[in-house]
Amino acid sequence: MRFLIGMGLFAIALAIGHLDGGFIASALADGMPAPKEMGMQAAATPVMEDLIAFHNLLLYIVTAIVLFVTLLLIIVMVRFNRKSNPTPSKTTHNTLIEVVWTVLPVMILVVIAIPSFRLLYKEVVIPQAELTVKATGYQWYWGYEYPDEGGIAFDSNIIEDKDLKPGQPRLLAADNSMVVPVDTTVRVIVTGADVIHSFAVPSFGVKIDAIPGRLNETWFKATRTGMFYGQCSELCGQSHAFMPISIKVVTKEEFASWLAEQKKSADAGSSSALVKTAQAEIAH
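So, a few notes on the structure that sits alongside this text. (Residues numbered from 1 in each chain as written. Predicted model: local features only at pLDDT ≥ 70, side-chain atom pairs only at ≥ 80, totals over all residues. Heavy atoms only, no water.)

Section: the sheet that holds strand β2 (residues 141-146)
Part 1: Read from one edge of the open sheet, 5 strands run β3-β2-β1-β5-β8, paired in mixed fashion. The sheet is open, and its two borders are formed by β3 (152-156) and β8 (216-220), each paired with just one other strand. Geometrically, the sheet is characterised by an average inter-axis angle of 25° between neighbouring strands, direction not taken into account.
Part 2: By the bridge criterion, 5 bridges tie strand β5 (residues 186-192) to β8 in an arrangement that is antiparallel. Looking at β8, one finds that I189 is bridged to E217. (Pairing = 2+ DSSP bridges. Helix = DSSP H or I, 4+ residues; strand = E, 2+ residues; numbered from the N terminus. Axes fitted to C-alpha atoms, helices over the stretch in contact; angles between N-to-C directions.)

This is the structure we're talking about:
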């Protein structure tokens, strides 16, 4: 009994906190966890906004059910104990009550199912992508490729504690971030090179397994610029905790400039490799 009452009070506190944005301390941090937070990270994509809304809906429903059951238990304990009701009634099979406790749960499940299926469809069915990025999980870092942008590719490793700069979060910052433009539908193709990894970015509402020999895909559309962090969410080995995901969302103009720089660097690298190969052949 005390447990149910305590759970009811806790659920009320959580509901009140979500109503006015309280407890969501992550609003103080952009795209990363915040100290003492009790809610989800602030949404940066439409999918994550819907996830938070669905989470809050379930929280209100659970709160109402807990309070209702707690109230019924209190009424039964007060009105129908041996002292207050020495001669108990022998009435059975109340038709109205049986209909209500059958129909009401079905209605609650329908209320939950409709937004749940809508959200599931939104997550799984990828809209027409404007940019494609391939993320490959390695032990223990990520590799990113832009197949439609001239084959730009690079690795992303964790920044060691001794090399962190001011503003870079420990265990989340990476030396090379995935760069994407804001307000752009990005399709992410995910795979693993060795063992099963998991590509997860909480602010984007993205989490999908990276499985060797298989291509999975997900998508996001960031609605604001900034740095957003995630981590491998699969137990992939001894350095599992040191495999961060760092995504930098920039303006479309900044992204075009970044692409131009990456292509220029890639061309310079290719030319240098060709020269070295030619020199080696001449030497032989």
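Digging into the environment of V125
Part 1: Secondary-structure assignment places V125 in the loop between α3 (95-124) and β1 (131-138).
Part 2: Classification of V125 as partly exposed rests on a relative accessible area of 37%.
Part 3: Spatially, the C-alpha atoms of V125 and W219 are 9.0 Å apart, while their sequence positions differ by 94 residues. (Buried < 20%, exposed > 50% of the residue type's maximum accessible area, 1.4 Å probe, protein only.)

A short note on the packing of aromatic side chains
Part 1: Applying the stated criterion across every chain yields a total of 9 aromatic pairs.
Part 2: Relative to F154, the ring of Y144 lies with its centre 5.9 Å away and its plane at 65°, an arrangement referred to as edge-to-face. Residue Y144 is located in strand β2, and its partner F154 is located in strand β3; the two are separated by 10 residues in the primary sequence.
Part 3: Residue class for F154 comes out buried when judged on its relative accessible area of 14%.
Part 4: Look at F204 and F228: their rings are 5.0 Å apart centre to centre, the planes differ by 45°, and that puts the pair in the tilted class. Taken as a pair, F204 in the loop between β6 (197-201) and β7 (206-210) and F228 in strand β9 (residues 226-232) lie far apart in primary sequence, 24 residues in all. (Phe/Tyr/Trp six-rings, centres within 6.5 Å; stacked < 30°, edge-to-face > 60°.)

Re the pairing of β1
Part 1: Along β1, 6 of the 8 residues are buried, which leaves the element largely enclosed by surrounding structure.
Part 2: The sheet contact formed by β1 and β5 spans 7 bridges and is parallel. Note that in β5 the partner of T136 across the bridge is T191.
Part 3: Two elements, β1 and β2, share 5 bridges in a ladder whose sense is antiparallel. The residue of β2 that forms the bridge with K134 is E145.
Part 4: Taken together, β1 and the strand that follows it, β2, pair antiparallel across an intervening segment of 2 residues.

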